[in-house]
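Reading the structure
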Amino acid sequence: MRYSALALVRGALAAHRNWTPAWRSPEPKRAYDIVIVGAGGHGLAAAYYLARNHGIRNVAVLERGWLGGGNTGRNTTVVRSNYLYPESARLYDFALKLYEGLSRELNFNIMLSQRGHIMLAHSRHDLESIARWANAMHMNGIQAELLNREQVGELIPALDMSPQARYPVLGGFMQRRGGTARHDAVAWGYARAADALGVDIIQNCEVTGFAKAASGAVTGIETSLGRIQATRVGIAVAGHSSVLARLAGFQLPVTSYALQAMVTEPVKPALDKVVISPGTGAYVSQSDKGEMVIGGGLDLFPSYAQRGSFAVLQSVVAATLAIFPSFSRLRLMRQWAGIVDVVHDSSPILGPTPVPGLYINCGWGTGGFKAIPAGGWLLAHVLATGRNHELAEPFQLERFVSGRLIDEAAASGIAH
Amino acid sequence: MMQLPCPLCGPRDEWEFACGGTTHISRPDLQASDAAWGEYLFFRDNPRGVHLERWRHTFGCGNWFNIARHTVTHEVLAVYGMGEPPPAHLRSERS
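All chains use their own residue numbering, which begins from 1 and follows the written sequence. All chains are assigned letters beginning at A, and all ligands numbers beginning at 1, according to the order in which they are written. Two thresholds apply to this predicted model, a pLDDT of at least 70 for residue-level local features and 80 or more for giving and counting side-chain atom pairs, whereas whole-chain, interface and lining totals are computed over all residues. Hydrogen atoms and water are omitted, and side-chain values are computed over all heavy atoms in the structure.

1. Considerations on the overall build of chain B
Note on conventions: DSSP H or I runs of at least 4 residues are helices, E runs of at least 2 residues are strands, and numbering of each starts at the N terminus. Counting its secondary structure elements, chain B contains 1 helix and 6 strands. Seen in sequence order, chain B has helices and strands lined up from the N terminus as β-β-β-α-β-β-β. The principal-axis extent of the C-alpha atoms belonging to chain B is close to 40 × 30 × 20 Å. Buried residues are those whose accessible area, probed at 1.4 Å on protein chains only, stays under 20% of the maximum for their type, while exposed residues exceed 50% and partly exposed ones sit between those limits. Of all 95 residues assigned to chain B, the portion counted as buried reaches 35%. The contact criterion used throughout is that any non-hydrogen atoms of two residues lie within 4.5 Å. By sequence separation, contacts in chain B at least 24 residues apart represent 46% of the contacts at least 6 residues apart. Here the Shrake-Rupley method, with its probe set to 1.4 Å, supplies the accessible areas, and only the displayed protein chains count as covering residues. Put simply, chain B shows about 5,100 Å² of open surface, and 51% of that area lies on carbon and sulfur atoms.

2. Here's the deal with helix α2 (residues 41-54) of chain A
All names here are of chain A. The length a helix should cover is 1.5 Å for every residue beyond the first. Along its 14 residues, α2 runs 19 Å from first to last C-alpha, staying within 8% of the 20 Å computed at 1.5 Å per residue. Burial analysis of α2 places 11 of its 14 residues in the buried class, the great majority of the element. Just downstream of α2 lies G55, where phi reads positive at about 65 degrees.

3. A short note on the environment of D33 of chain A
All names here are of chain A. Residue placement: D33 occurs in the loop between α1 (5-13) and β1 (34-37). Residue classification places D33 among the partly exposed positions, given a relative accessible area of 36%. On a C-alpha basis, the gap between D33 and L96 in space is 29 Å, while along the polypeptide they are 63 residues apart. Beyond its immediate stretch of four places on either side in the chain, D33 contacts I56, N58, A230, T231 and R232.

4. Considerations on the interface of chain A and chain B
On the chain B side, the residues contacting the 28 residues of chain A number 24 residues. Whenever a carboxyl oxygen of Asp or Glu lies within 4 Å of a side-chain nitrogen of Lys or Arg, that contact is scored as a salt bridge. Between the two partners, chain A and chain B, sit 1 salt bridge. We note a salt bridge from D45 of chain B to R246 of chain A, for which the minimum N-O separation is 3.8 Å. Distance and chemistry together define a polar contact, namely a pair of N or O atoms within 3.5 Å, with one atom able to donate a hydrogen and the other to accept it when in protein, and with adjacent residues in sequence counting only for side-chain atoms on both sides. On inspection of chain A and its partner chain B, the count reaches 12 residue pairs in polar contact (both at pLDDT 80 or more). For the side of chain A that touches chain B, the secondary-structure elements that each account for two or more residues are α8 (241-248), β13 (254-264), β16 (292-302), α9 (310-323) and α11 (399-402) of chain A. Note on residue classes: Ala, Val, Leu, Ile, Met, Phe, Trp, Tyr, Cys and Pro are nonpolar, Asp, Glu, Lys and Arg are charged, and everything else, Gly too, is polar. When grouped by side-chain class, the residues that make up the side of chain A that touches chain B number 15 nonpolar, 9 polar and 4 charged.

5. Here we look at the pattern of salt bridges
All names here are of chain B. In total, this model carries 20 salt bridges over all chains according to the counting rule given. Note that R69 and E53 form a salt bridge whose closest N and O atoms lie 2.4 Å from each other. Of the two residues, R69 is situated in strand β5 (residues 64-70) and E53 in strand β4 (residues 50-56); the sequence distance between them amounts to 16 residues. For the pair shown, R69 and E53 are each scored as buried.

6. Details of the sheet that holds β4 of chain B
Residue and element names in this part refer to chain B. For two strands to pair, DSSP has to find at least two bridges joining them. Taking strand neighbours across the sheet as the criterion, the 4 strands line up as β3-β4-β5-β6 in an open arrangement whose pairing is antiparallel. With partners counted over all chains shown, the strands left at the sheet margins are β3 (18-22) and β6 (76-80), one partner each. Going across the sheet, the axis of each strand differs from the next one's by a mean of 30 degrees, ignoring polarity. Looking at chain direction, β5 and β6 are connected through 4 bridges and run antiparallel. Bridge assignment links A68 to a residue of β6, and that residue is A78. Axes, fitted as lines to C-alpha atoms, cover a helix only where it is in contact. Angles between the N-to-C directions of the axes lie from 0 to 180 degrees.

7. Overview of the domain arrangement of chain A
Residues and elements named next belong to chain A. Domains are outlined according to an automatic or database domain assignment. As far as domains go, chain A holds domain 1 (30-106 + 183-254 + 345-412) and domain 2 (117-179 + 256-342). For domain 1 and domain 2, the distance between their C-alpha centres works out to 28 Å. Every contact between the two is made by 34 residues of domain 1 and, on the other side, 32 residues of domain 2. Two parts placed together each lose some accessible area under a 1.4 Å probe, and the buried area is that loss summed for both. The contact between domain 1 and domain 2 buries some 2,600 Å² in all, and 52% of this surface belongs to carbon and sulfur atoms. When the buried area of domain 1 at its contact with domain 2 is split by residue, R74, N82 and L84 rank highest and sum to 23% of it. Here E100 ties to R177 by a salt bridge, and the two come within 2.9 Å at their closest N and O atoms. At the junction of domain 1 and domain 2, the tally comes to 14 residue pairs in polar contact (both at pLDDT 80 or more). Elements with a minimum of two residues in the side of domain 1 that touches domain 2: β3 (78-79), α3 (86-100) and α8. Per-element accounting of the side of domain 1 that touches domain 2 gives the leading share, 6 residues, to α3.

8. Some details on the packing of aromatic side chains
Aromatic contacts are taken between Phe, Tyr and Trp rings whose centres are within 6.5 Å, Trp giving its six-membered ring; a plane angle under 30 degrees counts as stacked, one over 60 as edge-to-face, and the others as tilted. Within the structure shown, the criterion is met by 17 aromatic pairs over all chains. Note on Y48 of chain A and Y49 of chain A: the rings are 5.1 Å apart at their centroids and 65 degrees apart in plane angle, and the pair reads as edge-to-face. Across the pair, exposure class does not vary: Y48 of chain A and Y49 of chain A are buried alike. Measuring from centroid to centroid gives 5.4 Å for F400 of chain A and F42 of chain B, while their planes differ by 70 degrees, and the two rings are edge-to-face. One end of the pair, F400 of chain A, is in helix α11; the other, F42 of chain B, is in helix α1 (residues 34-42), on a second chain. With a relative accessible area of 1%, F400 of chain A lands in the buried category.

The structure is reproduced here in structure tokens:
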């Protein structure tokens, strides 16, 4: 069913009894051309682009829990492409460009809001860092604007710009094309579009092992719903990548941490930019529902718990209130965490693994949501063709042996 | 708030500590291959289960120590000194 204003009117006239489920819940077949593990944004996007870009529709996406229930549903919904190195700038801007056309492409409103993403500077050193950062973006052909103190104050009236401010704001820089997108809608939109092209999305299906040929190549997947044969398998499971890699018999340069976020009760519009303050450790935007969506740094010890540490919650709230004192009367409604796959250079791993036929998309760490369209596109490319897309070429597992790291730790905003 | 048992100071709140990551990693010989060196620097077990790790009571006594901690429940299963081997029953336990 195609969604449109006309469809809404028709629905209204039919007392809204005409709507059909957005995707099927099929039983798994015994074999597929390609199986993707993980029905989060990256896995669903990969399935969609396999069908759309490569015409491969005999594809299954397996999900242990429910679709979009991992990090895709747990992030702070921010999209941006303000990275430092050319390889990353190309990759993340490709993702942002795909996001810009995604609602139309998927016929599903992902509620992309390019409201502007502002990085605050609280010290002379911060000012120099953001100047370097904005210049790096210009060199990579991505728009960025340096802002002085007055401009920041005008764009973000709720900021504490008083002379007594605990953390004085000296300036900032903005990527106007940055902003937010409705995270669930990205998963749902890709799921619906992939399903319409024939992809089977199989929820509540846990992968318990990999079947391999004598050559070591993957021949199938053992799941809680039985064995599924496939000679090409993609893994897109973020924080659980090491668990799947262990099942397949190799190690990854990944450590899993909990990254938490929280929302306040909804209030009227008070903040129409995404604001990040690396110096204090706060990351804030206001959702369309009116909640203040607040993120911060990692819980800095390995965890698979999907719940945040109270010590970090305290420091994130303290940082937020230090720069937005007027938020102190808001009550927090919910707090949660996603398990993120952090690698040493804060850049993703996109491509083949030591197991022939098995490909991986992981290592996005704290910033996977913004990259979903690109991560899916590139995983689909390598699964379909057996060759890396040129955008993925610098992001191979091999770089942890050669030493050719792409260190974007400084561009993750909040030091992790 | 998570509490960790400092061997010198007893149980203290999490924010007094800093996690130093996986413990019992030994540096390979300087003649090691690039692959062995990369493995030493970057590749980790990262278990969903019992993890042997080092912590420092940074905002307390400053002491480094080892613990065995479950990465899902965060339960601390053993505490032992920096030079000591892990308790035998925890060495290969995974879940």
